[in-house]
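Spelled out from the first residue to the last, the chains are:
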Number of protein chains: 2
Amino acid sequence: MLLGEINNKKEQVLEMLEQTLSEVYTKFKIHFYQEMFKKLNSRETSLTTVELFCVEIIHALKNPTVAEFANFINVSSPNAAYKVNSLIQKGYIEKVQSETDRREYHLHVTDKYYNYFNLSQKYVSTVVERAQEHFSAEQIEILDGILRDMSLELMHEVVIPPVEVN
Amino acid sequence: MLLGEINNKKEQVLEMLEQTLSEVYTKFKIHFYQEMFKKLNSRETSLTTVELFCVEIIHALKNPTVAEFANFINVSSPNAAYKVNSLIQKGYIEKVQSETDRREYHLHVTDKYYNYFNLSQKYVSTVVERAQEHFSAEQIEILDGILRDMSLELMHEVVIPPVEVN
């Protein structure tokens, strides 16, 4: 193959990958929404979009302080405190005093959060279980390696602690 | 290796994959939230979580009728119509009369939707562009193949049209 043809081929494969990656991401997201619809009652519909984003970010940051959370979403401390209080009132998070520094408080998500929002994690588990039957051990290892590289090397805008699987 | 050891190894790799897949998924999600915070103003905070889910589902279903949308989220037609009207009022979707059957109306997302919610698609593009530099053509082809299989064979709960990349 000429160099031009090789580059052309690579571009086509990249376009396919963009499509495929979007599709897997979208399917995880839409499945989560479908499961949420089964669970939601009128009380939960009071959560605004911003509150949803906030509680998911607090979960991803693993017990941040209000200051750390404010810094991550790039808003002022009073603004962040306002969002935090509203989520505390609705029962999705709580403030826990630090055991090492009594002046410090950390934000923890509650069981109510896990009850409603951990559904997406469950579907990842389901798909991975099915992968065990469908793919060879070698394929799974290759997939894991490439995705790990993608997460660590190509997504540096998102600075969060390692994601925990329970 | 003994069979027990092989199975043990496979389980470890699967656990790793669950962790890695969760991590990539979470990073895409959290990046989307961070970008949203930059864009959101007080007007947009009026969107409830359920409305967010609805507009994303309508986008994924590609111009469904109200009945198709109601069926997908498994709610009654009047309930779906209520959610649809609220999203029309807020400017995220519009009803468009079908050209083939004048009695039929399809739901289309608006530019306002794309302006606010298409940020996650952009980050997928960014990561895939970086993948071009980071991975070999062969690695990209393998990744694409495995993810495609995952989407088509292992995620059958989520029945949506192919995801379009613009």
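In case you missed it, the structure is sitting above this.
Residues numbered from 1 in each chain as written. Chains lettered and ligands numbered in written order. Predicted model: local features only at pLDDT ≥ 70, side-chain atom pairs only at ≥ 80, totals over all residues. Heavy atoms only, no water.

A. Focus on unusual backbone geometry. Residues and elements named next belong to chain A. Its identity is not glycine, yet asparagine 63 carries a phi of approximately 55°, on the positive side. Positionally, asparagine 63 belongs in the loop between helix H2 (49-61) and helix H3 (66-73). Given the relative accessible area of 36%, asparagine 63 is considered partly exposed. Located in the positive-phi region is asparagine 74, a residue other than glycine, with phi close to 60°. With respect to the secondary-structure elements, asparagine 74 resides in the loop between H3 and helix H4 (77-89). (Helix = DSSP H or I, 4+ residues; strand = E, 2+ residues; numbered from the N terminus. Buried < 20%, exposed > 50% of the residue type's maximum accessible area, 1.4 Å probe, protein only.)

B. Representation of the relation of the copies chain A and chain B in the model. Each copy superposes on the other: chain A lies on chain B with an RMSD of 0.0 Å after a rotation of 180° and an axial shift of 0.0 Å. Both chain copies can therefore be described as sitting about a two-fold axis. A symmetric contact is evident, with 100% of the interface residues of chain A recurring at the interface of chain B. (Least-squares fit on C-alpha atoms with pLDDT ≥ 70 in both. Contact = heavy atoms within 4.5 Å.)

C. Just the packing of helix H7 (residues 137-153) of chain A against helix H7 (residues 137-153) of chain B, in detail. Contact geometry of H7 of chain A with H7 of chain B gives a least axis separation of 10 Å together with a crossing angle of 110°. Considering the angle they form, H7 of chain A stands roughly perpendicular to H7 of chain B. Seen from H7 of chain A, the contacting residues are Gln139, Ile142, Leu143, Ile146, Leu147 and Met150 of chain A; seen from H7 of chain B, they are Gln139, Ile142, Leu143, Ile146, Leu147 and Met150 of chain B. Classifying every residue of the contact of H7 of chain A with H7 of chain B gives 10 nonpolar, two polar and no charged. (Axes fitted to C-alpha atoms, helices over the stretch in contact; angles between N-to-C directions. Parallel < 35°, antiparallel > 145°, perpendicular 65-115°, else oblique. Nonpolar A, V, L, I, M, F, W, Y, C, P; charged D, E, K, R; others polar.)

D. Local environment of the interface of chain A and chain B. Between chain A and chain B, the contact holds 75 residues from the first and 75 residues from the second. Across the interface of chain A and chain B, roughly 8700 Å² is buried in total on both sides, 71% from carbon and sulfur atoms. Where chain A touches chain B, the interface holds four salt bridges. Close ionic contact of lysine 29 of chain A with glutamate 56 of chain B constitutes a salt bridge, the shortest N to O distance being 3.4 Å. Taken together, the links from chain A to chain B amount to 30 residue pairs in polar contact (both at pLDDT 80 or more). Of all the elements in the fold, those that place two or more residues in the side of chain A that touches chain B are helix H1 (3-39), H2, H3, helix H6 (119-134) and H7 of chain A. The element best represented in the side of chain A that touches chain B is H1 of chain A, accounting for 25 residues. Classifying every residue of the side of chain A that touches chain B gives 43 nonpolar, 17 polar and 15 charged. (Buried area = accessible area lost by both parts, 1.4 Å probe. Salt bridge = Lys/Arg side-chain N within 4 Å of Asp/Glu carboxyl O. Polar contact = N/O pair within 3.5 Å; in protein donor to acceptor, adjacent residues only side chain to side chain.)

Remember that the coordinates give geometry; whether it matters functionally is a separate question.
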